[in-house]
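# Examining the three-dimensional arrangement
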Amino acid sequence: MADNVIIQKIKAGEEQGLTMLMERYGSYVAAIVCNLSHEALRVEDVEEIAADVFLAVWNSGAKLRENCTLRPYLAQIARNTTLSRLRQNKPALIPLEEDALMLSGTGGPDELTVKREKAEIINEAVGQFSEPDREIFIRFYFFGQPVQAIARKLAVNPSTVKTKLHRCRKKIKLMLEGRGYGCES
């Protein structure tokens, strides 16, 4: 079944075209959603976003060109829909990247230098964590995944995830104190 057949059926308003589209590209769209969300979304959320993607194609069926391929078009819609959903559900993340540090402070150059040094120390500490501690820390603080999702993904108890996060924070605190940074609030 070629993309042009699917496009013709969608343009004609035939539900079979939508069914064919979902059968052919369902796993492709789901993979894009999972990869972009770093598997932070529940299965239900992935399915809902995929459904939104296919609905968007169905609703814009009249605009589809018959001689083009659907794969890049679906990828773009899946990307935009996923990122939009993640923005809506975005938890507060710890800004460790230099660009975020530049924007986060209104202090002078000294404060910026201190922030950069702390970020380097934290990144170094995270790099020294063993697995699964590193993965848990990154999933929680960088990707903003909830404890429950991390526990499901790694097949561990949620209290284990919390304990490992606590120990990781303690190691970072000790490393910062060892380099002369007190952990003031």
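Residues numbered from 1 in each chain as written. Predicted model: local features only at pLDDT ≥ 70, side-chain atom pairs only at ≥ 80, totals over all residues. Heavy atoms only, no water.

### Notes on the pattern of salt bridges
Heads up, the rule is: For salt bridges, the criterion is a side-chain nitrogen of Lys or Arg within 4 Å of an Asp or Glu carboxyl oxygen. A run of H or I in DSSP becomes a helix once it reaches four residues, and a run of E becomes a strand once it reaches two; helices and strands are each numbered from the N terminus. When accessible area is computed with a 1.4 Å probe and restricted to protein chains, residues below 20% of their type maximum are described as buried, those above 50% as exposed, and intermediate ones as partly exposed.
Applying the stated criterion across every chain yields a total of seven salt bridges. With its nearest N and O atoms 3.0 Å apart, the salt bridge here joins Asp-3 to Arg-24. In this pair, Asp-3 sits in helix α1 (residues 3-11) while Arg-24 sits in helix α2 (residues 15-37), placing the two residues 21 residues apart along the sequence. Taking the relative accessible area as the measure of exposure, Asp-3 reaches 9% and is therefore buried. Between Lys-9 and Glu-14 there is a salt bridge whose closest N-O contact spans 3.5 Å. Where salt bridges share partners, they join Glu-48, Asp-52 and Arg-85 into one cluster.

### What about the confidence of the model for the protein?
Atom-level detail of predicted coordinates should not be read off regions where pLDDT is low. For clarity, the threshold we go by: Confidence scores per residue from the predictor, reported as pLDDT, run from 0 to 100. Every residue pair with non-hydrogen atoms within 4.5 Å of one another is taken to be in contact.
The predicted model of the protein averages 80 in pLDDT, with 84% of residues at 70 or higher. Mean pLDDT across the secondary structure elements of the protein bottoms out at helix α5 (residues 98-104), with 45, and peaks at helix α3 (residues 43-59), with 90. Confidence drops under a pLDDT of 50 for residues 91-105, and excluding neighbours within four residues, the segment shows 23 contacts in the predicted structure.

### Regarding the packing of aromatic side chains
To be explicit about the condition: In this analysis, rings of Phe, Tyr and Trp, with Trp reduced to its six-membered ring, are considered paired at centre separations within 6.5 Å, and the interplanar angle assigns stacked below 30 degrees, edge-to-face beyond 60, and tilted for intermediate values. In this analysis the charged atom, NZ for Lys or CZ for Arg, is taken to sit over a ring once it is within 6 Å of the ring centre and within 35 degrees of the ring normal.
Tallying each qualifying case throughout the model produces two aromatic pairs. Judged by centre distance (5.6 Å) and plane angle (75 degrees), the rings of Phe-129 and Phe-137 are edge-to-face. Of the two residues examined, Phe-129 and Phe-137, each falls in the buried class. Lying across the ring of Tyr-28, Arg-71 places its NZ or CZ 4.2 Å from the centre.

### Comments concerning α2
We apply this condition: In this scheme, the bend at a residue equals the angle between the axes fitted to the seven residues that finish there and the seven that begin there.
Along α2, the helix axis deviates most sharply at Tyr-25, where the bend reaches about 60 degrees. All of the buried residues in α2 are Gly-17, Met-20, Leu-21, Tyr-25, Val-29, Ile-32, Val-33 and Ser-37. Of the surrounding elements, those touching the buried residues of α2 are α1, α3 and α4 (70-88). Looking at the residues trailing α2, positive phi occurs at His-38, about 55 degrees.

### Section: the packing of α1 against α2
Describing two packed helices takes the angle between their axes plus the distance from one axis to the other. To keep it simple, the criterion reads: For helices, the axis comes from a line fit to the C-alpha atoms of the stretch in contact; other axes are also lines fit to C-alpha atoms, and the angle between any two N-to-C directions lies between 0 and 180 degrees. Each crossing is labelled by how the near helix is turned from the far one, with a counterclockwise turn of less than a right angle marking it left-handed and a clockwise turn marking it right-handed.
In the contact formed by α1 and α2, the axes pass within 7 Å of each other and the chain directions differ by 145 degrees. Pair α1 / α2 crosses with left-handed handedness. Along the contact surface, α1 presents Asp-3, Val-5, Ile-6, Lys-9 and Ile-10, while α2 presents Gln-16, Gly-17, Leu-18, Met-20, Leu-21, Arg-24 and Tyr-25.

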